[in-house]
Amino acid sequence: MIRRQRLAAGLGALLAALAAGLAFPAGAVADETTAMAPKVDLVIDVSGSMRAKDIDGQSRMAAAKQAFNEVLDATPEEVQLGIRTLGANYPGDDRKTGCKDTAQLYPVGPLNRTEAKTAVATLTPTGWTPIGPALLKAADDLQGGEGSKRIVLISDGEDTCAPLDPCEVAREIAAKGIGLTIDTLGLVPNAKMRMQLSCIAEATGGTYTSVEHTDELTDRVNQLVDRAADPVVVPVATEGAAECAKAPTLKSGLYTDREEFGQERWYRVDVKSGQELRAAVSVAADRAVSPDYGVLLRAVTAHGREIVRGEAAGTGRTDVISTGLRYPKADSDDENAPAETVCLQVTHSFAAAAGVKATPGLPLELTVDVVDGPSDASDVASFGLGRGWWLLGALIVAGFLAGLVWGWLSRWRVAVWRTN
């Protein structure tokens, strides 16, 4: 009897040890996955000005709630998302108290969509606009982990709690080197708000977007949340030249620069035979500009002959305008053929509004990608229909044969009818 009890106890201990051995690795994997999870903190302005009804016939707060609900439905599973408010709780006139009014509405972590939506539904425009304090607290919300960290700030007004300047706060956050990006969205912006939100975003390598419609707000927040789940790509600062001969030579990558009004920027890219150059540029208006503008991206040979161009125009509905181009270089039988130097020229037609400083230049973002080009035999996409050419050819042949058969049957039926 004692031997049986000892045997049972030993077997139980063995099973427990095996279970623990299997559980610890799984826990370690789960912890590693959590540590690498991207984090996003949505910071929403709930100050009294959010009552204004000037977004698609509804209040700014109602538009923000609608956008948040759609964003929460579309948030990727791997993203840990939180929501922080500013100006949501204190309705009084005491500035010192109002400038502390920021709270975590929903903690950063695995998203429970129902709980998050319920929390958003309780928001009512209330008090002050302490953007600086809210950003500091949001940075604390995102502490820990090795994944990407992003704050998305949505506001309809300037900070009302200076001297804690939110732009200086953003620079302070960037100086910590924690890899945190702040993107800003301005609801029905004015010049001062645009300048402040642009400065906040620029300090951390983020983006600023002005929003005047609910669908624009939803789309932009969705893009930023999705971007958090993508691998972080840090743009490389470069400085284009006034002419191709003096331009820097760029390799595949993401680059940032500034271009002043009425100027152009040149960059050089080496493209070998059999390769394809793909380039795209975005220029952002970080200050008040005229409502009509455009951007032009040209690929030019070293001798000045234009190869291909991409261009786009805007009418003031967005602060960012983008275009791109592709240039496939034909394959060569000579394996030692030298690379061709392609000059990229960036020009924009933004014009500063009256009284607006022209310097520094507008920020631009240039993407360069040099890849192996498709072979001539398989690159049917160059005709504009891709692999659909095969289907189109088959349909043409089938239609021709069907027409012949139908014509022959029609003539035979007419002949039989005449005979009878």
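Above this text is the structure in question.
Hydrogen bonds between backbone atoms are what pair the strands of a sheet, whose relative direction is either parallel or antiparallel. Taken in spatial order, the four strands make up an open sheet running β9-β14-β11-β12, and their pairing is antiparallel. The open sheet is flanked by β9 (264-271) and β12 (306-314), the only strands paired with a single partner. Going across the sheet, the axis of each strand differs from the next one's by a mean of 15 degrees, ignoring polarity. Here strand β11 (residues 293-301) pairs with strand β14 (residues 340-348) via seven bridges, running antiparallel. Residue A299 lies in a different strand from β14, and its bridge partner there is L344.

Right, let's get into the nonpolar core. By size, the foremost hydrophobic cluster in this structure holds 32 residues, and its most contacted members are L42, I44, I154, L185, L217, V221 and V225. Breaking this core down by element, the ones donating at least two residues are β1 (39-45), α2 (60-74), β2 (80-86), α4 (113-121), β4 (149-155), β5 (180-187) and α8 (214-229). For this core, the element with the most residues is α2, which contributes seven residues. By size, the runner-up hydrophobic cluster in this structure holds 26 residues, among which are L250, V269, L344 and L364.

This part is about the environment of L362. Its place among the elements puts L362 in strand β15 (residues 362-372). Separated by 102 residues in sequence, L362 and E260 place their C-alpha atoms 6.0 Å apart. Setting aside anything within four residues of it in sequence, one finds L362 in contact with D257, R258, E259, F261, V283, A284, A285, D286, R287, H348 and F350.

The rules behind each value
Every chain begins its residue count from 1, and numbering advances along the sequence as written. In keeping with the predicted nature of the model, local features appear solely for residues at pLDDT of at least 70, side-chain atom pairs appear and are counted solely at 80 or more, and the whole-chain, interface and lining totals rest on all residues. Water and hydrogen atoms were dropped before computing side-chain values, which therefore reflect all heavy atoms in the structure. When DSSP finds at least two bridges between two strands, those strands are taken to pair. Where helices and strands are cited, they refer to DSSP runs of H or I of at least four residues and of E of at least two residues respectively, numbered from the N terminus. Axis lines are fitted through C-alpha atoms, for helices just across the contact stretch, and the angle between N-to-C directions can take any value from 0 to 180 degrees. In these notes, a set of buried Ala, Val, Leu, Ile, Met, Phe, Trp, Tyr and Cys residues joined through side-chain atoms within 4.5 Å is what counts as a nonpolar core. Accessible area is worked out with a 1.4 Å probe on protein chains only. A residue is then buried under 20% of its type maximum, exposed over 50%, and partly exposed in between. Any two residues having at least one pair of non-hydrogen atoms within 4.5 Å are treated as being in contact.

As far as function goes, none of this settles anything; it's purely spatial.
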